[in-house]
Amino acid sequence: MADMFSLATLLQDHLRYVKKTARECKQKNDSFPTQIVAITKEIADLKAVIKCVKLYMLEADFPLGKIEKSIRKQEKKKVELEKFGPRTRSKSKILHQAK
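Values in this document were obtained by computation on a predicted structure and should not be read as measured data.

Before going further, it helps to examine the overall build of the protein. Each helix and strand counted, the protein has 4 helices and 0 strands in total. Helices and strands appear in the protein in the N-to-C order α-α-α-α. Nonlocal contacts in the protein, meaning residues at least 24 apart in sequence, comprise 65% of its contacts between residues at least 6 apart. If you sum the accessible surface of the protein, you get close to 7,800 Å²; carbon and sulfur atoms cover 58% of it.

What follows is the structure in structure tokens.
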């Protein structure tokens, strides 16, 4: 099967899928926790693509600049959502109530 498809093409298709699913997840449920989870998954998937590109030395076919820029953008979004999102009870209060 590896002979039928180039790795760069598979990674590009995977990136399209990652972006599509993240976008759909964010649109489906507008809550802060859901958006944070979607962003976290997207960041993890983008980092996995970078690892594959480096592992198989595909930098010539697959420029990493755009992916790294996208990761930074998503990390900023995540920080903003965590900072300005709805406040939840602190962990110590939750642990205290559980006792």
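Text resumes after the structure shown.
Let's shift gears to the packing of helix H1 (residues 7-28) against helix H2 (residues 32-55). Two elements in contact, H1 and H2, have axes whose closest approach is 9 Å; the angle formed by their N-to-C orientations is 175 degrees. Comparing their axes, H2 and H1 come out roughly antiparallel. Contact residues: Leu11, His14, Leu15, Val18, Lys19, Ala22, Cys25 and Lys26 in H1; Thr34, Gln35, Ala38, Ile39, Glu42, Asp45, Leu46, Val49, Cys52 and Val53 in H2. Split into classes, the residues belonging to the contact of H1 with H2 amount to 11 nonpolar, 3 polar and 4 charged.

As a further point, take the nonpolar core. Counting 16 residues, the largest nonpolar core has Leu11, Leu15, Val49, Val53, Phe62, Ile67 and Ile71 as its most contacted members. Sorting the residues of this core by element identifies H1, H2 and helix H3 (65-84) as the ones contributing at least two each. Element by element, the count of residues in this core is highest for H2, at 7 residues.

Turning next to the environment of Lys78. For Lys78, the position within the fold is in helix H3. C-alpha separation for the pair Lys78 and Val37, spaced 41 residues apart in sequence, amounts to 9.0 Å.

Across its 24 residues, H2 extends 35 Å between first and last C-alpha, which sits within 8% of the 34 Å expected from 1.5 Å per residue. The inward-facing, buried residues of H2 contact H1 and H3. Where H2 terminates, the next one or two residues include Met57, which has phi positive at roughly 50 degrees.

Moving on: the environment of Arg23. Inspection of the secondary structure puts Arg23 in helix H1. It is 8.2 Å that separates the C-alpha atoms of Arg23 and Ala38, two residues lying 15 residues apart in sequence.

For Met57, which is not a glycine, the phi torsion comes out positive at approximately 50 degrees. Position of Met57 among the secondary structure elements: in the loop between H2 and H3. Residue class for Met57 comes out exposed when judged on its relative accessible area of 67%.

A few words on the pattern of salt bridges. Where charged atoms of side chains with opposite charge meet at close range, the side chains can pair. For the coordinates displayed, the defined rule picks out 2 salt bridges. A salt bridge links Arg16 to Asp13, with the nearest nitrogen and oxygen atoms 2.5 Å apart. With Arg16 and Asp13 both in helix H1 and 3 residues apart, this pair spans about one turn of that helix. With relative accessibility at 53%, the residue Arg16 sits in the exposed group. With a relative accessible area of 40%, Asp13 lands in the partly exposed category. Here Lys47 and Glu75 are joined by a salt bridge, their closest N and O atoms 3.7 Å apart. With Lys47 in helix H2 and Glu75 in helix H3, this residue pair connects regions lying 28 residues apart in the sequence. With relative accessibility at 32%, the residue Glu75 sits in the partly exposed group.

Reading the values: the criteria
- Residues numbered from 1 in each chain as written.
- Predicted model: local features only at pLDDT ≥ 70, side-chain atom pairs only at ≥ 80, totals over all residues.
- Heavy atoms only, no water.
- Helix = DSSP H or I, 4+ residues; strand = E, 2+ residues; numbered from the N terminus.
- Contact = heavy atoms within 4.5 Å.
- Areas by Shrake-Rupley, 256 points an atom, 1.4 Å probe, with all protein chains shown as cover.
- Axes fitted to C-alpha atoms, helices over the stretch in contact; angles between N-to-C directions.
- Parallel < 35°, antiparallel > 145°, perpendicular 65-115°, else oblique.
- Nonpolar A, V, L, I, M, F, W, Y, C, P; charged D, E, K, R; others polar.
- Core = buried A, V, L, I, M, F, W, Y, C linked by side-chain atoms within 4.5 Å.
- Buried < 20%, exposed > 50% of the residue type's maximum accessible area, 1.4 Å probe, protein only.
- Expected span 1.5 Å × (residues − 1).
- Salt bridge = Lys/Arg side-chain N within 4 Å of Asp/Glu carboxyl O.

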